[in-house]
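Residue strings, one per chain:
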Amino acid sequence: MTKKIINFEIKQKLIWLSWACFRYRKSFYDFLKNYWVSPEIIRQCPKEGIKKYDVMRNILNHLESRWDEETLNNIVSWFYNLRWPVDRENLDVNKAKELLNDFKEIIWNNLIEHEIEKKQIKKRVDENRQKIENKQNKNNEISKLNNTFKHMLSSDKTPQQKWFELEKIFIEILRINELVYTWPYKIEGEQIDGYVSVNKFDYLIECKFEKALIDKNSIAEFDNKLKSKAQSTRGIILSYSWFDQYAIKNFSWNSPRIILMDWQELSTILEGYFDLIDALNKKIDALVRKWDIYCRIC
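Reading the values: the criteria
- Residues numbered from 1 in each chain as written.
- Predicted model: local features only at pLDDT ≥ 70, side-chain atom pairs only at ≥ 80, totals over all residues.
- Heavy atoms only, no water.
- Helix = DSSP H or I, 4+ residues; strand = E, 2+ residues; numbered from the N terminus.
- Rg over C-alpha atoms; globule rule 2.2 N^0.38 Å.
- Buried < 20%, exposed > 50% of the residue type's maximum accessible area, 1.4 Å probe, protein only.
- Phe/Tyr/Trp six-rings, centres within 6.5 Å; stacked < 30°, edge-to-face > 60°.
- Lys NZ or Arg CZ within 6 Å of the ring centre and 35° of its normal.
- Core = buried A, V, L, I, M, F, W, Y, C linked by side-chain atoms within 4.5 Å.
- Axes fitted to C-alpha atoms, helices over the stretch in contact; angles between N-to-C directions.
- Left-handed = near helix turned anticlockwise from the far one by under 90°.
- Contact = heavy atoms within 4.5 Å.
- Nonpolar A, V, L, I, M, F, W, Y, C, P; charged D, E, K, R; others polar.
- Polar contact = N/O pair within 3.5 Å; in protein donor to acceptor, adjacent residues only side chain to side chain.
- Pairing = 2+ DSSP bridges.
- Right-handed = clockwise from strand over helix to strand, strands pointing away.
- Salt bridge = Lys/Arg side-chain N within 4 Å of Asp/Glu carboxyl O.

Peer 1: Before we move on, could you go through the overall build of the protein chain and cite the residues and values that matter?
Peer 2: Along the protein chain, the regular secondary structure elements total 11 helices and seven strands. In terms of C-alpha radius of gyration, the protein chain reaches 36 Å, well past the compact-globule figure of 19 Å for 298 residues. In terms of overall dimensions, the protein chain has a C-alpha envelope of 105 × 40 × 35 Å along the principal axes. Across the 298 residues in the protein chain, those meeting the buried criterion constitute 41%.

Peer 1: Could you give an account of the packing of aromatic side chains, naming the residues involved and the relevant values?
Peer 2: Under the criterion given, the structure shown has eight aromatic pairs. With a centroid separation of 6.4 Å and 85° between ring planes, the pair formed by Phe22 and Phe79 is classed as edge-to-face. On the criterion of sequence distance, the pair formed by Phe22 in the loop between helix 1 (8-20) and helix 2 (25-34) and Phe79 in helix 5 (residues 69-81) is long-range, its members being 57 residues apart. An aromatic cluster is defined as three or more aromatic residues linked by ring pairs; in this entry it consists of Phe22, Trp78, Phe79 and Phe103. Looking at Arg234, its charged tip hangs above the ring of Phe201, at a distance of 3.7 Å from the centre.

Peer 1: Account for unusual backbone geometry, naming residues and giving values.
Peer 2: Its identity as a non-glycine residue notwithstanding, Glu178 has a phi of 60°, on the positive side. The topology assignment puts Glu178 in the loop between helix 7 (159-176) and strand 1 (180-182). A relative accessible area of 71% means that Glu178 is categorised as exposed.

Peer 1: Provide a residue-level description of the nonpolar core, including the pertinent values.
Peer 2: Membership of the largest hydrophobic core comes to 48 residues, with the highest contact counts inside it found for Phe170 and Leu260. Here this core takes eight residues from helix 7, the largest share from any one element. Listed in part, the 31 residues of the second largest apolar core include Leu14, Phe31, Val55 and Val76.

Peer 1: An account of the packing of helix 1 against helix 5 is requested, with residue identities and associated values reported.
Peer 2: Packed helix pairs are characterised by how far apart their axes lie and by the angle those axes make with each other. At a closest axis distance of 11 Å, the pairing of helix 1 and helix 5 adopts a crossing angle of 65°. By crossing handedness, the relation of helix 1 to helix 5 is classed as left-handed. On helix 5, the residues that touch Ile10, Leu14, Leu17 and Ser18 of helix 1 are Ile75, Val76 and Phe79. Residue composition of the contact of helix 1 with helix 5, grouped by class: six nonpolar, one polar and no charged.

Peer 1: How would you explain helix 10 (residues 263-270) if you had to name every residue and give the values?
Peer 2: Extensive coverage of helix 10 is indicated by the burial of six of its eight residues. Within the span of helix 10, buried status applies to Glu265, Leu266, Ser267, Thr268, Ile269 and Leu270. Where helix 10 begins, one side-chain oxygen reaches toward the backbone nitrogen of Gln264, 2.9 Å away; that side chain belongs to Asp262. At the exit of helix 10 stands Gly272, carrying a positive phi of roughly 90°.

Peer 1: Explain the pairing of strand 5 (residues 201-208) residue by residue, including any values.
Peer 2: Of all eight residues that make up strand 5, six are buried, and the element is covered over most of its length. Taken together, the four bridges between strand 4 (residues 195-198) and strand 5 define a ladder with antiparallel strand orientation. Looking at strand 5, one finds that Val196 is bridged to Tyr203. The antiparallel hairpin formed by strand 4 and strand 5 contains two residues in its connecting segment, where Asn199 sits at a positive phi of about 55°.

Peer 1: Just give me the short version of the environment of Leu204, but keep the residues and values in it.
Peer 2: Summarising the element assignment, Leu204 is placed in strand 5. For Leu204, a relative accessible area of 5% puts it in the buried group. Each C-alpha atom of the pair Leu204 and Val76 lies 66 Å from the other, and the pair is 128 residues apart in sequence. Residue contacts for Leu204: discarding those within four places in its chain leaves Tyr185, Ile192, Gly194, Tyr195, Phe222, Leu226, Lys229, Thr233, Arg234, Gly235 and Ile236.

Peer 1: Account for the pairing of strand 7 (residues 258-262), naming residues and giving values.
Peer 2: Taken across its five residues, strand 7 has five buried, putting it largely inside the fold. The alternating pattern of strand 7 places Ile258, Leu260 and Asp262 on one face and Ile259 and Met261 on the opposite face, and all of these are buried. The pairing of strand 6 (residues 234-239) with strand 7 spans five bridges and is classified as parallel. When the sheet's bridge partners are listed, Ile237 is paired in strand 7 with Leu260. What joins strand 6 to strand 7 is helix 9 (residues 245-250), and the crossover it makes is right-handed.

Peer 1: Requested: an account of the pattern of salt bridges, with residues and values cited.
Peer 2: Following the criterion strictly, the structure yields 19 salt bridges and no others. A salt bridge links Lys26 to Asp30, with the nearest nitrogen and oxygen atoms 2.9 Å apart. Here Lys26 pairs with Asp30, and both are found in helix 2, just four residues apart, close to one helical turn. Residue classification places Lys26 among the exposed residues on the basis of a relative accessible area of 62%. Notably, a salt bridge pairs Arg129 with Asp126, separated by 2.9 Å at the nearest N-O pair.

Next comes the structure, spelled out in structure tokens:
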């Protein structure tokens, strides 16, 4: 099958121009020789008993089969710069000029389309390169944050200090994942450990660094905090310790609006085994469809 280098319309115009611009075979074959069509190809085209446009068609097909872009471009450029037919005797000069003008318009439009396509390709390449760079930067930031997290866990800081560090680490990973968030703040004497927007829902954040299980009372306190906010407000509790099973069941059936995450899940995300947004979406899906407030990602 013949390879396609020039589009069909341009090719057809070249074939017809070989008929419209040349009266004599000698001038036609001289043109071919002058524009680097190899003698080998020309010899394959008999000089008698075949029309010039059939010769041109065969030559173009042969050049395409060899992927000879240089010679094809030479032929296209020569016709593009031609203002008059080569042999004006016994030729329809007006018809030749009309075909030449049509050819030039097609080439010009094709060049514009080619430039647009090149710019689009460059844009896609740049966008892909930027995505790769952004992903690498994100992975590097998460890796550094993971080291901070490990150092915090193994340090001799007080639980209060570690709670403060856990807040910062969680907010940082929200930033790295380009989520809409706020740092911890106080309102009317009430401490909020942060805020994040996921899938158009607002989630208040509660970080806990305690040795004891997170029980019903701890979750209830946070749940009451959510009830005092806008009706669609939900919450995320991130805890260093585990959650009491009775508390999980108690808050999984009555209009659940809290997502529970433990430190091992956060560690899995920071190690790069699970994406934060995928993890949140998995937990949100379990909350909405199954009333499960503690769907672990691992």
